[in-house]
Amino acid sequence: MKCRLSSLFSLSLVLAFGCVTVWAQATGQISGTVTDASGALIPGVEVNVTRTDTGAVRTAVTNETGAYNLPALPVGAYQLEAVLPGFQTFLQTGIVLTVNASPVIAVVLQVGQVTQTIEVQADAALVETRTVGVAELIDNERILELPLNGRAIVDLISLAGGVAPAATLTGSNRDPFAKGNVSVAGGLSSSLNYTLDGADHNNPYQGSYLSMPFPDAMQEFQVQTSATGASGGTKASGTVSLVTKSGTNQFHGNLFEFVRNASFNARNALAPKRDTLKRNQFGGTVGGPVWRNKLFFFAGYQGTRIRQDPEEQIAFVPTAAMLGGDFRDFAGAGCNRGNQINLKGAFADANNGALPQNMVDPAKLSRAAIQFAGFLPSSSNPCGEVSYSNPLHDDWETVISRLDYQATNNHSLFARYMFESRLVPVGYDVNKSLLSINNGSDAQVQSFTIGSTYLIGSSMVNAFRVGANDLDGGKSGADFSDCNCGPAALGLKGFFWRPEEPNVGVDGGFSAGIARGPTWVNQISFTDDLSIVSGDHQYGFGASTAWWFIDSGSTANSSAPFTFDGSRTGLGLADFLMGNADR
């Protein structure tokens, strides 16, 4: 299957009169008014906000109505300073700006010297008064401190109101990075929009999200629904805006390892034995300055190793007696829930030739079937019952890096790259049992975003994002190059797309083979937000467009499946050994 899809180009125009704001996703804004002690509005006041961990400064000047506005600010801790000759300097510290937040900070200047300072502590949470949507912020403390099974960020979305678990969308099991899903405000799980650092982070193949950063690389995220703004209204249910960590003027880092091992667990009261899960998740992060107050870096890595022997499954394979033409035990009541089965076809002919019921001349058995049976586990059970499992070896690697550059007080840039891979070998590649042929995974996903925020004068700010995402997933298969168990090695004549690969299914017996195929998703998106302040009005203009390409294939109709349903003789294994495939 191939499909080429492109989103419609959308243009949003928001006219903000007094109390409506527009911002680029993954940022916030600070605004307010400046008055004197009598409440009179003061124009011409210089308002500076400084991001305390990087030293980046943004400046605005109050207009004729005493209003100021500082849009498109990166999330983080800030202090605000207001200066005007003839008045004491106003300084407010402890301002924490979160993703998509729009706090209003009223400044009151007192008559005095500029060298005198009135300092206000703002450790309490700032009240959001400018947005009408319903939003929940999941901050860094909760991301790091709340317990997460498997450290899957998507599970924390359920902390927001109106969120319920939903079926995991895997795109027909072709997205190995899906770790769960949610429904917001009663909407479809595919109706939730995801952005990462302000860029599109949706998976168009399955209608959900792409790979997410691990908790130690995540700064915060917000879940917003109900009356969302034009900049976040791509999908009906709402928007999840995620922001990664960035470097600061101080070097910071950490190392971690999380272990889950069956040795630490008691046996489940209803389980016959203790589980075998072994999971190790380890890694670390580091960030700091490259050029103080100008250039900062952040990098992180997480590795995951999972080993598990799932519960055993039951299959039925040919016994030595069956390979000798004797199906009396297998067709007897003891192997068929109390029902005696009289085999048809060649078995009935053999009965007329004086052979006992349910026996056949072994010379009439298929040589290819007998040869293939030699690759299967042997069984001493008269019914051919064997037990097997598909061992799980699951290896994940996640790498994230980010650079932030404060080119000037009017221009800042950032670039972020994330890579995640997952390798799950097919069970056959681990234990060399043909009964353990399942789908594996050998996939990777990459996400790259560049952002630019530019001040065009004192009243105009432009924020631009370009994102590129690439998913290489699908269903992988086993390596049969040394098996000699494919149709070509068995001496079967015909054209086979994969002559070395077996694909045999026997009703009431066993299955050895499965379809596989790759899936590629390429996506490019562009987002631009322009904010203009004029008098009491704030105008917002935005444009967003995305293009994606999906290419997905399958070997379901090209891998020469041989199925045996028992329609010829009455039992699938008898059809198999006689070589009577129904297709």
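Each value, and the rule that gives it
- Per-chain numbering applies: the sequence of each chain, read as written, is numbered from 1 onward.
- Thresholds applied to this predicted model are a pLDDT of at least 70 for local features of residues and 80 or more for the giving and counting of side-chain atom pairs; totals over whole chains, interfaces and linings are not thresholded and use all residues.
- Think of the side-chain values as coming from all heavy atoms in the structure, minus any hydrogens and water.
- A run of DSSP states H or I qualifies as a helix once it reaches four residues; a run of E qualifies as a strand once it reaches two. Both are numbered from the N-terminal end.
- It is over C-alpha atoms that the radius of gyration is taken, and the globule rule equals 2.2 Å times the number of residues to the power 0.38.
- For the exposure calls, accessible area comes from a 1.4 Å probe over protein chains only, and a residue counts as buried if that area is under 20% of its type's maximum, exposed if over 50%, partly exposed in between.
- Residue contacts are defined here by distance: any two heavy atoms, one from each residue, within 4.5 Å place the two residues in contact.
- Computed by Shrake-Rupley with a 1.4 Å probe, the accessible areas treat only the displayed protein chains as cover when residues are assessed.
- When the sulfur atoms of two cysteines come within 2.5 Å, that pair is taken as a disulfide.
- Strands were regarded as paired on the criterion that DSSP finds at least two bridges between them.
- Buried and open spaces are told apart on a 1 Å grid over the protein atoms alone, a cavity being a set of points where a 1.4 Å probe fits but cannot get out and a pocket being an open set with protein on both sides within 12 Å along at least five of seven lines. Residues with an atom within 4 Å of a point are the lining residues.
- Grid points are joined across faces, edges and corners, and a volume is the space filled by probe spheres set on the points.
- Residues were grouped as follows: Ala, Val, Leu, Ile, Met, Phe, Trp, Tyr, Cys and Pro as nonpolar; Asp, Glu, Lys and Arg as charged; and all remaining residues, including Gly, as polar.
- Confidence scores per residue from the predictor, reported as pLDDT, run from 0 to 100.
- We call a set of buried residues a nonpolar core when its members are Ala, Val, Leu, Ile, Met, Phe, Trp, Tyr or Cys and they connect through side-chain atoms within 4.5 Å of each other.

How would you sum up the overall build of the chain? Please name residues and give values.
Check the secondary structure of the chain and you find six helices and 33 strands. Compactness check: the chain gives a C-alpha radius of gyration of 33 Å against a globular reference of 25 Å for 583 residues, more than 25% above the reference. Along the first, second and third principal axes, the C-alpha set of the chain runs to 120 × 50 × 40 Å. Each of the 583 residues in the chain was classed as buried or not, and the buried ones make up 49%. Within the chain, contacts between residues separated by at least 24 positions form 70% of all contacts whose residues are at least 6 apart in sequence. Of the roughly 26300 Å² that the chain leaves accessible, carbon and sulfur atoms contribute 54%.

Outline the state of the cysteines, supporting the account with residue identities and numerical values.
Throughout the structure, instances matching the rule amount to two disulfides. Two residues, C335 and C383, share a disulfide whose sulfurs are 1.9 Å apart. Between C335 and C383 the sulfur-sulfur dihedral comes to about -85°; the bridge is accordingly left-handed. A residue pair is termed long-range when its members are at least 10 positions apart, and C335 in the loop between helix 2 (320-323) and helix 3 (346-352) and C383 in the loop between helix 4 (367-373) and strand 24 (385-388) qualify at 48 residues. What makes C383 buried here is its relative accessible area of 13%.

Could you give an account of unusual backbone geometry, with specific residues and numbers?
For A185, which is not glycine, the phi torsion reads 55° and is therefore positive. Its place among the elements puts A185 in the loop between strand 13 (181-184) and strand 14 (192-196). Assessed through its relative accessible area of 53%, A185 is described here as exposed. One non-glycine residue, N293, lies in positive phi territory at about 65°. Positionally, N293 belongs in the loop between strand 21 (278-291) and strand 22 (295-308).

How would you sum up the sheet that holds strand 14? Please name residues and give values.
Strands belonging to one sheet form pairs held by backbone hydrogen bonds; the direction of such a pair is parallel or antiparallel. What the five strands build is an open sheet, ordered 11-18-19-14-15; its pairing is mixed. Two strands close off the open sheet at either side, each with one partner strand: strand 11 (134-138) and strand 15 (199-200). Bridging between strand 11 and strand 18 (residues 218-225) involves five bridges; their strand directions are antiparallel. Its bridge partner lying in strand 18, A135 is registered against Q224.

Please give an account of the side chain of S441 that cites residues and values.
The topology assignment puts S441 in strand 27 (residues 441-455). Looking at S441, the relative accessible area reads 6%, which means it is buried. Excluding residues within four positions of it along the chain, S441 makes contact with P176, R422, L423, V424 and S476.

Any details on empty space enclosed by the protein? Residues and values, ideally.
Under the definition given, this model contains three cavities of 30 Å³ or more. As for the largest cavity, its lining consists of 15 residues, of which A152, I153, K179, M212 and P213 are closest to the centre. Looking at the lining of the largest cavity residue by residue, the classes come out as nine nonpolar, three polar and three charged.

Tell me about the confidence of the model for the chain, residues and numbers included.
When pLDDT drops low, the exact placement of atoms in the prediction is not to be read closely. Mean pLDDT over the chain stands at 87; residues scoring 70 or higher make up 91%. Taken together, the stretch residues 1-24 has pLDDT below 50 and engages in 68 contacts with residues farther than four places along the chain or on a different chain.

I'd like to hear about the pairing of strand 28 (residues 460-475), residue by residue, with values.
Looking at chain direction, strand 27 and strand 28 are connected through 12 bridges and run antiparallel. Directly across from L455, in strand 28, lies its bridge partner V461. Where strand 27 folds back on strand 28, the antiparallel hairpin that results is connected by four residues, among which G457 adopts a positive phi of roughly 80°. One ladder, built from 16 bridges, connects strand 28 with strand 31 (residues 517-534); its direction is antiparallel. Across the sheet, the residue bridging to D472 is W520, located in strand 31.

Which residues make up the nonpolar core, and what values do they have?
Counting residues in hydrophobic clusters, the biggest one holds 38 residues, and the most contacted among them are F327, F372, Y428, L434, F480, F510 and F576. When residues of this core are traced back to their parent elements, those giving at least two are helix 3, helix 4, strand 24, strand 29 (504-506) and helix 6 (572-578). Ignoring anything within four residues of it in the chain, the contact list for F327 reads M322, L343, F347, N358, L573, A574 and L577. One finds L148, A160, L196 and M418 within the second-largest nonpolar core, a separate group that totals 28 residues.

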